[in-house]
Amino acid sequence: DAKTTQPPSMDCAEGRAANLPCNHSTISGNEYVYWYRQIHSQGPQYIIHGLKNNETNEMASLIITEDRKSSTLILPHATLRDTAVYYCIVQTGANNLFFGTGTRLTVIP
Amino acid sequence: NAGVTQTPKFQVLKTGQSMTLQCAQDMNHNSMYWYRQDPGMGLRLIYYSASEGTTDKGEVPNGYNVSRLNKREFSLRLESAAPSQTSVYFCASRPYRAGANVLTFGAGSRLTVL
């Protein structure tokens, strides 16, 4: 099963881009990469997902390397409300997303 | 459109007591899930229901039972609560969509077992 590795914590200045890395070197060819975030023990919130190509939506951009062994979530203009734990997840079966411990992002004023 | 609603939000139990956590979704989603989250940890899947009428074990099913009452509702029961089951419980749902696995989560139910 593919698992992920993320730095435990990161800081980012308000208004700057936050780049959150994730390694998933054992990902299989048909497994998606998902990003969720969890703000202060609320329920996790879906951000974005991708398979091979880079993706962008109103919240963030997802950059996946060509070999698919790593990815980066980009929050283009971080705000204080983006302070949260960010989970990089790969699917480990049709019905399970493996949540690791994530990256705690702190946006600093 | 309330999304995923969990009740109760908070509960304190004594060891050996039983209780049921309720979850309901109004998005016509096919699949529903129960996760638990311990302090400083990620979420771990307890049980899931891929569709109405089916349930399957996840990563940590011991000590729990589930019921998919109908398409909207998926309950989690603790028959004899133990302190190790002190946790925050999250219910989630997703529509049927081949490939993508986007979950919508509830706000969580915080359970303390004394």
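Note: the structure precedes this text.
Predicted model only: the values in this text are computed from it and were never measured.

In this section: the sheet that holds strand S3 (residues 33-38) of chain A. Residue and element names in this part refer to chain A. Spatial strand order, S1-S9-S8-S3-S4: five strands in an open sheet with mixed pairing. In the strand order of this sheet, the two ends are held by strand S1 (9-13) and strand S4 (45-50), each with one partner. Here the average twist between neighbouring strands, direction ignored, is 25°. Two strands pair when backbone bridges link them, and S3 and S4 are joined in this way by five bridges, in the antiparallel orientation. The residue of S4 that forms the bridge with Tyr-34 is His-49.

Looking now at the sheet that holds strand S2 (residues 18-23) of chain A. Note: strands within a sheet are paired through backbone hydrogen bonds, in either parallel or antiparallel orientation. All names here are of chain A. Within the open sheet, the four strands sit side by side as S2-S7-S6-S5. Their pairing is antiparallel. Bordering the open sheet on either side are S2 and strand S5 (55-56), each of which pairs with just one other strand. With six bridges connecting them, S2 and strand S7 (residues 70-75) associate as antiparallel partners. Each residue of the ladder has a partner; that of Cys-22, found in S7, is Ser-71.

Our focus in this paragraph is the pattern of salt bridges. For side chains bearing opposite charge, pairing can occur when the charged atoms are close. For the structure on display, the rule yields four salt bridges over all chains. Among the salt bridges present, the one from Asp-82 of chain A reaches Arg-37 of chain A, with a minimum N-O distance of 2.8 Å. One end of the pair, Asp-82 of chain A, is in the loop between S7 and strand S8 (84-90); the other, Arg-37 of chain A, is in strand S3, and 45 residues separate them in sequence. As far as the burial class goes, Asp-82 of chain A and Arg-37 of chain A line up, both buried. Linking Arg-44 of chain B and Asp-38 of chain B is a salt bridge whose minimum nitrogen-to-oxygen distance equals 2.6 Å. For Arg-44 of chain B, a relative accessible area of 24% puts it in the partly exposed group. Residue classification places Asp-38 of chain B among the buried residues on the basis of a relative accessible area of 14%.

The next point concerns the layout of surface pockets. Space inside the largest pocket adds up to approximately 430 Å³. Around the largest pocket, the lining is made up of 23 residues, and of these Gln-38, Val-85 and Arg-104 of chain A together with Gln-37 and Gly-40 of chain B lie nearest the centre. Contributing elements (two or more residues each) for the lining of the largest pocket: S8 and strand S9 (103-108) of chain A together with strand S9 (87-94) of chain B. If you tally residues by element for the lining of the largest pocket, the top one is S8 of chain A, at three residues. A class-by-class count of the residues in the lining of the largest pocket yields eight nonpolar, twelve polar and three charged.

With that out of the way, let us pick up the interface of chain B and chain A. Contacts between chain B and chain A engage 22 residues on the former and 20 residues on the latter. Regarding the contact of chain B and chain A, the summed buried area is about 1,600 Å², with carbon and sulfur atoms giving 52% of it. When the buried area of chain B at its contact with chain A is split by residue, Leu-43, Asn-101 and Phe-105 of chain B rank highest and sum to 29% of it. Connecting chain B to chain A are zero salt bridges.

To continue, consider the environment of Gly-102 of chain A. Residues and elements named next belong to chain A. Along the chain, the position of Gly-102 falls in the loop between S8 and S9. Here Gly-102 falls in the buried class, since its relative accessible area comes to 6%. Through-space distance from the C-alpha of Gly-102 to that of Thr-4 is 9.0 Å; in sequence the pair is 98 residues apart. With sequence-adjacent residues up to four places away left out, Gly-102 is seen in contact with Gln-6, Pro-7, Pro-8, Val-85, Tyr-86 and Tyr-87.

Residue and element names in this part refer to chain A. Residues Trp-35, Leu-73, Tyr-86 and Leu-105 are the most contacted members of the largest nonpolar core, which totals 21 residues. The set of elements that each furnish at least two residues to this core consists of S2, S3, S4, strand S6 (61-64), S7, S8 and S9. For this core, the leading source of residues is S8, giving four residues. Setting aside residues no more than four positions away along its own chain, Leu-73 makes contact with Ala-18, Asn-19, Leu-20, Trp-35, Ile-47, Ile-48, Ala-60, Ser-61 and Tyr-86.

What counts, and at which threshold
- Residues numbered from 1 in each chain as written.
- Chains lettered and ligands numbered in written order.
- Predicted model: local features only at pLDDT ≥ 70, side-chain atom pairs only at ≥ 80, totals over all residues.
- Heavy atoms only, no water.
- Pairing = 2+ DSSP bridges.
- Helix = DSSP H or I, 4+ residues; strand = E, 2+ residues; numbered from the N terminus.
- Axes fitted to C-alpha atoms, helices over the stretch in contact; angles between N-to-C directions.
- Salt bridge = Lys/Arg side-chain N within 4 Å of Asp/Glu carboxyl O.
- Buried < 20%, exposed > 50% of the residue type's maximum accessible area, 1.4 Å probe, protein only.
- 1 Å grid on protein atoms, 1.4 Å probe; cavity = no way out; pocket = protein on both sides within 12 Å on 5 of 7 lines; lining within 4 Å.
- Points joined across faces, edges and corners; volume = space filled by probe spheres on them.
- Nonpolar A, V, L, I, M, F, W, Y, C, P; charged D, E, K, R; others polar.
- Contact = heavy atoms within 4.5 Å.
- Buried area = accessible area lost by both parts, 1.4 Å probe.
- Core = buried A, V, L, I, M, F, W, Y, C linked by side-chain atoms within 4.5 Å.

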